[in-house]
Amino acid sequence: MTQTPSARRRRTRTAARTALLCAALLGLTAPTTVASPAPAPGTGPGGGGGRDCVRTENPRDPRARQVLEIAHKAKNELALNSVELRVTIDGHEVATDALGQSMTGVPAEPDMHFRAGSVAFAHIATGLLQLVEEKKVRLDDTVERWLPDLPKAEQITVRMLANNTTGLHDYVTDPAFGAELEAHPFKHWTPAELLAFPLKHSFWYEPGTSWSYSHANYLLLTTVIEKITGTRIDTFMKERVWKPLGLRNTRNNFTPDIPRPVLHAFTSDRGLYEESTFWNPSWTTAPGAVITTDVCDLARSAEGIGKGELISPRSYRTLLDPGTVGLGGASPTCPASICLKQTEAQHFGLGVIVVNGWLVQNPSFSGYQAIQAYLPSKRLAIAVSATKTATTPDGNQAEVVAQRIAAKLAPGTPLTID
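Remember, it's a predicted structure, so these values are computed and weren't measured experimentally. (Residues numbered from 1 in each chain as written. Predicted model: local features only at pLDDT ≥ 70, side-chain atom pairs only at ≥ 80, totals over all residues. Heavy atoms only, no water.)

With respect to the overall build of the chain
Quick reminder of the rule: Secondary structure elements follow DSSP: runs of H or I of four or more residues count as helices, runs of E of two or more count as strands, with numbering from the N terminus. Burial here depends on accessible area, computed with a 1.4 Å probe over protein chains only, as a share of the maximum for the residue type. Under 20% is buried, over 50% is exposed, and the range in between is partly exposed.
Assigned secondary structure in the chain consists of twelve helices and 14 strands. In the chain, which comprises 418 residues, the share counted as buried stands at 59%.

What to know about the packing of helix H4 (residues 119-133) against helix H8 (residues 215-229)
Keep this limit in mind: A fitted line through C-alpha atoms serves as each axis, taken over the contacting stretch for helices, and the angle formed by two N-to-C directions is quoted from 0 to 180°. Orientation is classified from the angle alone, with under 35 degrees giving roughly parallel, over 145 giving roughly antiparallel, 65 to 115 giving roughly perpendicular, and any other angle giving oblique. Helix crossings are classified by the rotation of the near helix relative to the far one: an anticlockwise turn of less than a right angle makes the crossing left-handed, while a clockwise turn makes it right-handed. In this description, contact between two residues means that some pair of their heavy atoms is separated by no more than 4.5 Å. By the convention adopted, Pro, Cys, Tyr, Trp, Phe, Met, Ile, Leu, Val and Ala count as nonpolar, Lys, Arg, Asp and Glu as charged, and the other residues, Gly among them, as polar.
Contact geometry for H4 and H8: axes closest at 11 Å, N-to-C directions at 40°. Put simply, H4 runs oblique to H8. Viewed along their axes, H4 and H8 form a crossing whose handedness is left-handed. Contact residues: H4 offers Phe121, Ile124, Ala125, Leu128 and Leu131, while H8 offers His215, Tyr218, Leu221, Thr222, Ile225, Ile228 and Thr229. For the contact of H4 with H8, the class distribution of residues is nine nonpolar, three polar and no charged.

Details of helix H3 (residues 62-77)
What counts, and what does not: Multiplying 1.5 Å by the helix residue count minus one yields the expected span of that helix. The directions considered for the arc are those from the helix axis to the C-beta atoms.
If you check H3, its first and last C-alpha atoms are 22 Å apart, about what 16 residues at 1.5 Å a residue would give, namely 22 Å. Taken together, the buried positions of H3 are occupied by Ala64, Val67, Leu68, Ile70, Ala71, Ala74 and Lys75. Looking straight down H3, one finds its buried side chains confined to an arc of 155°; they lie on one side. Opposite the buried face of H3, at more than 90 degrees from it, the exposed residues are Glu69, Lys73 and Asn76.

So, the packing of aromatic side chains
By convention here, two paired aromatic rings are described through the distance between centres and the angle between planes. For clarity, the threshold we go by: Between rings of Phe, Tyr and Trp, where Trp is taken as its six-membered ring, a pair exists when centres lie within 6.5 Å; planes separated by under 30 degrees are stacked, by over 60 edge-to-face, and by other angles tilted. The rule for a charge over a ring is simple: NZ of Lys or CZ of Arg within 6 Å of the ring centre, and within 35 degrees of the ring normal.
Taken as a whole and assessed by the stated rule, the structure comprises ten aromatic pairs. Ring geometry for Phe121 and Tyr218: centres 4.4 Å apart, planes at 25°, overall stacked. Highlighted residues: Phe121 in helix H4 and Tyr218 in helix H8, separated in sequence by 97 residues. Pairwise contacts between aromatic rings join Tyr171, Phe177, Trp189, Phe197, Trp283 and Phe365 into one cluster. Between the NZ or CZ atom of Lys152 and the centre of the ring of Phe203, over which it lies, the distance is 5.4 Å. The ring of Trp189 is capped by Lys187, whose NZ or CZ atom sits 3.9 Å from the centre of that ring.

Some remarks on the state of the cysteines
What counts is decided by this rule: Only a pair of cysteine sulfur atoms within 2.5 Å qualifies as a disulfide here.
As enumerated under the stated definition, the model contains two disulfides in all. Covalent S-S linkage joins Cys53 and Cys296, the inter-sulfur distance amounting to 2.0 Å. Of note, the bridge from Cys53 to Cys296 carries an S-S torsion of about 80° and is right-handed in sense. Of the two residues, Cys53 sits in the loop between helix H2 (23-26) and H3 while Cys296 sits in helix H10 (residues 295-307), which places them 243 residues apart along the sequence. In this structure Cys296 comes out as buried when scored by relative accessible area, which is 11%. Regarding the disulfides, the chain carries the connectivity 1-2, 3-4 under sequence-order numbering of its bonded cysteines.

As for empty space enclosed by the protein
Test applied: Within this scheme a cavity is a closed region of a 1 Å grid, computed over the protein atoms alone, that accommodates a 1.4 Å probe without allowing it to escape, whereas a pocket is open but has protein on both sides within 12 Å along at least five of seven lines; lining residues each have an atom within 4 Å of a point. Grid points are joined across faces, edges and corners, and a volume is the space filled by probe spheres set on the points.
Considering only enclosed or pocket space, the second largest cavity measures out at about 30 Å³ in volume. Along the walls of the second largest cavity sit Ala302, Ile305, Gly306, Val352, Leu359, Val360, Gln361 and Gln372, which together make up its complete lining. Those elements that place two or more of their residues in the lining of the second largest cavity are H10 and strand E11 (358-361). In terms of residue class, the lining of the second largest cavity is built from five nonpolar, three polar and no charged.

What about the side chain of Asn252?
For clarity, the cut-off: We call two N or O atoms a polar contact when they sit within 3.5 Å, provided that within protein one can donate a hydrogen and the other can accept it, with sequence-adjacent residues counted only if both atoms are side-chain atoms.
Tracing the chain through its elements places Asn252 in strand E5 (residues 251-252). In terms of polar contacts, Asn252 uses its side chain to reach the backbone amide nitrogen of Gly288, at 3.4 Å. In this structure the side chain of Asn252 is engaged in a polar contact, spanning 3.4 Å, whose partner is the backbone nitrogen of Ala289.

A word on the sheet that holds E5
Spelled out, the test is: Note on pairing: DSSP must find at least two bridges between two strands before they are called paired.
Read across the open sheet, the three strands follow the order E4-E8-E5; overall the sheet is antiparallel. The open sheet has two free edges, formed respectively by strand E4 (114-115) and E5, since each of these has just one partner strand.

Here's the deal with the environment of Lys238
Mapping Lys238 onto the fold places it in helix H9 (residues 233-245). With 111 residues separating them in the primary sequence, Lys238 and Gly127 have C-alpha atoms 10.0 Å apart. With sequence-adjacent residues up to four places away left out, Lys238 is seen in contact with Lys243 and Pro244.

Focus: the environment of Val241
With respect to the element layout, Val241 can be found in helix H9. For Val241, a relative accessible area of 0% corresponds to the buried category. With 60 residues separating them along the chain, Val241 and Ser301 place their C-alpha atoms 8.9 Å apart. With sequence-adjacent residues up to four places away left out, Val241 is seen in contact with His123, Thr126, Gly127, Phe236 and Leu310.

Quick word on the nonpolar core
Across soluble globular proteins, nonpolar side chains have a tendency to be buried as a group. Keep this limit in mind: The nonpolar core is taken to be a set of buried Ala, Val, Leu, Ile, Met, Phe, Trp, Tyr and Cys residues, with the residues joined through side-chain atoms within 4.5 Å.
In terms of nonpolar packing, the biggest core is built from 114 residues, with Val143 and Trp358 touching the most fellow members. Top contributing element to this core by residue count: H4, with nine residues. When residues no more than four places from it in sequence are discounted, the contact partners of Trp358 are Ile353, Ala373, Tyr374, Leu375, Leu380, Ile382, Ala406, Ala410, Thr413, Pro414 and Leu415. The next biggest cluster of nonpolar side chains, apart from the first, holds five residues, and it includes Trp204, Cys334, Ile338 and Cys339.

Let's talk about the pattern of salt bridges
Side-chain pairing between opposite charges can occur once the charged atoms of the two side chains come close. What counts here: Each reported salt bridge corresponds to a side-chain nitrogen of Lys or Arg within 4 Å of a carboxyl oxygen of Asp or Glu.
Per the stated rule, a full pass over the model turns up 20 salt bridges. Where Lys136 meets Glu134, a salt bridge forms, and the shortest distance between an N and an O atom there is 3.2 Å. For Glu134, a relative accessible area of 37% puts it in the partly exposed group. For Asp140, the salt bridge is made with Arg159, and the minimal N-O distance between the two is 2.8 Å. Here the residue Asp140 occupies a position in the loop between H4 and helix H5 (158-163), and Arg159 occupies one in helix H5, the gap between them amounting to 19 residues. In the salt-bridge network here, residues are joined through shared partners; they are Arg300, Glu303, Lys307 and Glu309.

This is how it looks when you write it as structure tokens:
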């Protein structure tokens with residue numbers, strides 16, 4: 001749901017859909033240590049030797065042929081530079097492929113790594129529900145003990161941070177932030193710098209009374225989790241989500257680096273079609289939760305989160321609806337384009353979007369577009385990553401590819417994100 005402001009437009013509807021605090025407020029600054037170096041090519045997961053994410057060769061399953069035909073057609077129709085995809089049913093591969101090129105003369109491969117943005121929110125929320133089960137925190141605990149300087153901290157609960165009902169503005173849609181990001185795409189942002197933008201505004205509404213998307217919520221939630229557990233968020237996610245789900249190629253990076261092999265990205269966000277692979281992603285979420293992945297891990301993440309494998313049935317029900325259904329809608333203080341109406345058919349759960357029974361995350365920023373989607377009724381997981389050419393239409397085109405695959409494999413259950 002992360003969106004990059006464009007030089008030519010402010011994508012108000014998209015940002016609304018998806019949408020100075022000092023360091024003492026958070027105890028959250030970029031760590032002085034850095035992540036371990038990426039393995040050399042051919043020496044580790046996704047590195048070429050012992051590759052564990054490879055394309056389906058000579059598929060016999062007619063569903064695989066249908067999926068691959070859809071992907072090829074969509075790549076051409078949408079003028080995409082690359083399309084990477086993996087589809088599984090009940091955990092079994094239907095099709096895995098990579099079409100197009102990473103960069104000129106370099107073919108796209110399924111094991112190439114790309115930025116996964118808000119997919120981390122689904123992992124954070126799953127870990128949070130584990131803490132609730134362990135009675136280390138309650139969702140309805142207010143956050144003043146961990147964030148004592150946050151305005152309205154005595155009213156804001158952990159649940160509100162996780163389900164986007166605090167009323168905090170989203171810094172990503174703030175024109176001042178957009179102008180700075182556009183001018184300086186390589187800038188490293190600290191959490192205090194990012195939170196300064198929403199905290200200069202009054203709240204959209206009283207906490208818990210409506211719904212609006214804000215990246216600030218997950219910045220703050222990360223701090224709460226780190227203070228509860230005494231564990232850095234990247235370690236927390238690795239121990240509680242990535243390892244248990246077998247996500248061998250999903251990891252955090254404290255720098256703009258991406259583990260090899262890399263799927264390169266390109267964008268026209270600043271008016272000129274340019275490479276954006278190593279633009280600094282520090283603004284997208286909290287340090288330690290800035291993740292990269294490959295399409296096989298993305299499909300496994302969709303399945304594991306979508307089935308609730310790591311949480312209890314009760315927690316899974318909360319994941320699907322933590323109290324958001326019925327909230328949102330226009331009010332005297334919040335326009336309908338910001339406070340989106342949350343319905344049974346489409347609403348925000350805990351770190352996931354629920355769309356007609358699908359559980360979804362759909363990151364899109366700095367030229368990277370992706371989606372992970374899982375339909376429990378069909379045990380169907382769809383993962384797509386896409387990169388753009390200069391003529392690719394606006395919007396997350398990975399969603400479009402996934403929607404077409406879903407229409408073929410799960411007719412009658414549209415994967416349509418408004």
